[in-house]
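# Report on the structure
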Amino acid sequence: MTYTLLHQENSDYAHLQFSGPFQGREVCWDTHFYTLKACPYVSSDTNKGYIEINPVNDNEMKLVVALNITEINHPAILKMMIMIRQYRNLAVGKHEYGR
């Protein structure tokens, strides 16, 4: 599995791109990947992880992922990519999960 790391200042956030399926077609996932504690879009009162998917065009999807992990590193990126690639019912919108 390959990805292109576009930006990473610290271990709480990475901006990357990778390819994978979405609703029967191959797309480029333009991904903003956060630890839960560092995500500016997570409310401290809910503290839930989430995936948010928004179309950019027919071949590119914007993906925001916030997970309850301690750091964004190569193994965490690979696991997140596997999760996105294997999730069969991905849909546009925000999907929260966890406690």
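Higher on the page you've got the structure.
Keep in mind that what you see is a predicted model, and the values were worked out from it rather than measured.

### Quick word on unusual backbone geometry
The backbone phi angle of Gln23 is positive, close to 50°, even though this residue is not glycine. Within the secondary structure, Gln23 is located in the loop between strand 2 (13–22) and strand 3 (25–35).

### A closer look at the nonpolar core
Judged by nonpolar contacts, the single largest core of 20 residues is most densely connected at Phe18, Trp29, Phe33, Ile53, Leu63, Met80 and Ile84. Of all the secondary structure elements, the ones that give two or more residues to this core are strand 2, strand 3, strand 4 (49–57), strand 5 (60–67) and helix 1 (74–86). It is helix 1 that provides the largest number of residues to this core, a total of five residues. Apart from the residues lying within four places of it in its own chain, the contact partners of Phe18 are Thr2, Tyr3, Val27, Cys28, Trp29, Thr31, Leu63, Met80, Met81, Ile84 and Arg85. Of all hydrophobic cores here, the second largest spans eight residues; its members include Tyr13, Leu36, Val42 and Val64.

Calculation notes
Residues numbered from 1 in each chain as written. Predicted model: local features only at pLDDT ≥ 70, side-chain atom pairs only at ≥ 80, totals over all residues. Heavy atoms only, no water. Helix = DSSP H or I, 4+ residues; strand = E, 2+ residues; numbered from the N terminus. Core = buried A, V, L, I, M, F, W, Y, C linked by side-chain atoms within 4.5 Å. Buried < 20%, exposed > 50% of the residue type's maximum accessible area, 1.4 Å probe, protein only. Contact = heavy atoms within 4.5 Å.

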